[in-house]
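Structural overview for review
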Amino acid sequence: MRRRQKNFIQRIAEQLKPGFWLYVAIYTMVLVIAAFVFLIYTENSLRDYERAQAITVVENFSKDLKKQALKDQLPKGANVPSLYTVFGLRDTFLQDYGEQFEKNTKMSVQKQKGSYDTSCPVFDIYADDVRVAEIELKAVNTKVIFAILNVSDWEVTRFEPIVQTYEADSVTVTIPDTHQISINGVPVDNSFAKKQNLAVAEFASFKQYMKESVVLSEYEIPGALMNGTLKITTKDGSVVPYVPDANGDIYVNYTDYAATVPTTYSDTAVTIAKTWENFMTRDLQGEGLSTMAQYLIKDSAYYEKALIFLYGDAWMTSAHYTSGNVYSPIVVEDYTRYSEECFSCHIQFTKTMYLYKQNKYATNEIDAVFYFLNYDDTDDGIHNPTWKLVADFAAS
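Residues numbered from 1 in each chain as written. Predicted model: local features only at pLDDT ≥ 70, side-chain atom pairs only at ≥ 80, totals over all residues. Heavy atoms only, no water.

1. Some words on the overall build of the protein
The test is simple: Strands here mean DSSP runs of E at least two residues long; helices mean DSSP runs of H or I at least four residues long; both are numbered from the N terminus. In this scheme, a residue with accessible area under 20% of its type's maximum is buried, one over 50% is exposed, and one in between is partly exposed, where area comes from a 1.4 Å probe on protein chains only. Every residue pair with non-hydrogen atoms within 4.5 Å of one another is taken to be in contact. For every accessible area listed, the method is Shrake-Rupley and the probe measures 1.4 Å; residues are considered covered only by the protein chains on display.
In terms of regular secondary structure, the protein is built from eight helices and 16 strands. When burial is assessed residue by residue, the protein has 37% of its 396 residues classed as buried. For the protein, the share of sequence-separated contacts (at least 6 apart) that also reach a separation of at least 24 residues comes to 60%. By element, 52% of the accessible surface of the protein is carried by carbon and sulfur atoms, the whole surface being about 24,200 Å².

Okay, here's the thing in structure tokens:
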């Protein structure tokens, strides 16, 4: 009988040594185990990489931030900005900060657009739509895993809690450079000063006659600090009153203010104001300048104003009796002292005159803030200053 010829596979199989398939099985098992270990390593590496992402660190931080804020606290290691602790507003800040959070507040994190340094990223933290913090991280202990992935630990290098309502525009406070601003009893230093050596606009026409110059400084106070008690004091410690304008800004150019004018100054101010009014209506003897000049500083802007009227517009005055004029009612208020030598006050009255050619009465209204300077313009060698009229501005 003819023997059946073996195929190629059968001939190869006859050459294999006993136990080969055992070796194959073992080798296959080793490969499976290695692949399984590699998959576990890959999964753990990717998980470590994900956990080590800066944004993940910040997201976890934001959860703790919310938890602490609901208790009017900050996370461990975080501090209230020094701006508020210095001025005694720490507790107020924490309370206002906590009011931005509720139990159902959704926290979110967003990397700042201008943060390009991957080793030092900056993020904004939001409570719902409210920006409540800015945080900056720094990569430390960086290592490479999976041959291509960088994994780092992260340190918080800067954390700034933010109260959104505090982000309002700053308040401008303008005061004489001899004055002091304090908030909750803590002096505001020159680091808040934005402009200095500012002239007082009202003094422009007579500042050259003042011995004590009044120069202003403009401070920019963060709106948040206005939660405290702001005081303005003179160099001798006297408290200066102030009234913020519609924008909350404060302007003070005086050392003392009172609604009522002291009698000594009130009588002098009214006498000078009435004399000026009589000069303007040609009710003084002769041309009137010799009488009015005693209340003016020679060659001053106000003196020039008197000359312009006398030699330019005086002819326009209607003929009337120079006696029997009535001044009523006379109101003198808002006494403001800028220095020992300068004050102003608001004077208002109606002057009634009889025009004999027209056979009727006419009135002239005075309603202005008058400025007075205690000045000696004589050349007698004796220092004997008297109060002079140096400016007036229409009452607002």
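2. Looking at the pairing of strand β15 (residues 360-375)
Operational definition: By this definition, two strands are paired if DSSP reports at least two bridges between them.
As judged from the 14 bridges shared by strand β14 (residues 342-355) and β15, these two strands associate in the antiparallel manner. Note on β15: the bridge partner recorded for S344 is Y371. Hairpin remark: β14 followed by β15, antiparallel, with four residues in the connecting loop; positive phi at N359, about 55°. Direction of pairing for β15 relative to strand β16 (residues 386-394): antiparallel, over a ladder of eight bridges.

3. Description of the pattern of salt bridges
To be explicit about the condition: Salt bridge, as used here: a side-chain nitrogen of Lys or Arg that lies within 4 Å of a carboxyl oxygen of Asp or Glu.
Inspection of the entire model under this criterion finds nine salt bridges. Here E160 and R158 are joined by a salt bridge, their closest N and O atoms 3.8 Å apart. Looking at R158, the relative accessible area reads 29%, which means it is partly exposed. Within the structure, one salt-bridge network assembled from shared partners comprises D124, R131, E134, E136, R158 and E160.

4. Let's talk about the side chain of S266
Relative to the helices and strands, S266 is located in helix α6 (residues 263-280). Residue class for S266 comes out buried when judged on its relative accessible area of 14%. Among residues more than four places away in sequence, those in contact with S266 are V261 and V332.

5. Things to note about the sheet that holds strand β6 (residues 180-183)
A sheet is described by the order of its strands in space; here three strands give the open sequence β7-β6-β10, paired in antiparallel fashion. On the outer flanks of this sheet lie β7 (186-187) and β10 (230-233), each paired with one strand and no other. Relative to β7, β6 is paired through two bridges, and the arrangement is antiparallel. Of the residues in β7, the one forming a bridge with S182 is P187.

6. Quick notes on the sheet that holds strand β5 (residues 171-176)
What the four strands build is an open sheet, ordered β8-β9-β5-β11; its pairing is mixed. This sheet does not close on itself; its edge strands, each paired only once, are β8 (193-199) and β11 (250-251).

7. Points about the side chain of Q100
Condition: Under the rule applied, a polar contact is a pair of N or O atoms within 3.5 Å (in protein, one hydrogen donor and one hydrogen acceptor; residues adjacent in sequence only if both atoms are side-chain atoms).
Looking at the secondary structure, you find Q100 in the loop between α5 (90-98) and β1 (107-111). In this structure the side chain of Q100 is engaged in a polar contact, spanning 2.8 Å, whose partner is the backbone nitrogen of Q164. Apart from the residues lying within four places of it in its own chain, the contact partners of Q100 are T105, A127, V130, V132, I162, V163 and Q164.

8. Quick look at unusual backbone geometry
With an omega of -20°, the peptide bond running from S328 to P329 counts as cis. Residue placement: P329 occurs in strand β13 (residues 326-339). For D128, which is not glycine, the phi torsion reads 55° and is therefore positive. With a relative accessible area of 41%, D128 lands in the partly exposed category. With a phi close to 60°, R282 is a non-glycine residue in the positive phi region. Of note, R282 is situated in the loop between α6 and α7 (289-292). Relative accessible area serves as the criterion here: at 31%, R282 is assigned to the partly exposed category.

9. What to know about helix α3 (residues 54-69)
The cut-off we apply is this: Working rule for helices: expected span equals 1.5 Å times residues minus one.
With 16 residues, α3 extends 22 Å from end C-alpha to end C-alpha; this agrees with the ideal 22 Å at 1.5 Å per step. The set of residues buried in α3 consists of A54, T56, V58, F61, S62, L65, K66, Q68 and A69.

10. A look at α6
At 3.6 residues per turn, the α-helix brings residues three or four places apart onto the same side. The first and last C-alpha atoms of α6 sit 26 Å apart over 18 residues, in line with the 26 Å expected at 1.5 Å per residue. Looking one or two residues beyond α6, the residue adopting positive phi is R282, at roughly 60°.

11. Quick notes on the nonpolar core
The condition that has to hold: In these notes, a set of buried Ala, Val, Leu, Ile, Met, Phe, Trp, Tyr and Cys residues joined through side-chain atoms within 4.5 Å is what counts as a nonpolar core.
Of all hydrophobic cores here, the largest spans 60 residues; its most connected members are Y97, I125, V173, F203 and F206. When residues in this core are grouped by element, the largest group, five residues, is from α3. Residue contacts for F206: discarding those within four places in its chain leaves C342, Y371, L373, V390 and A391. Core analysis: the next-biggest nonpolar cluster, separate from the first, contains 28 residues, V261, A273, L289 and F309 among them.

12. Some points on the environment of T271
Counting through the fold element by element, T271 comes out in helix α6. T271 sits in the partly exposed class, given a relative accessible area of 39%. Along the primary structure T271 and Y295 are separated by 24 residues, whereas in three dimensions their C-alpha atoms are 9.7 Å apart. A polar atom in the side chain of T271 sits 2.9 Å from the backbone oxygen of D267.

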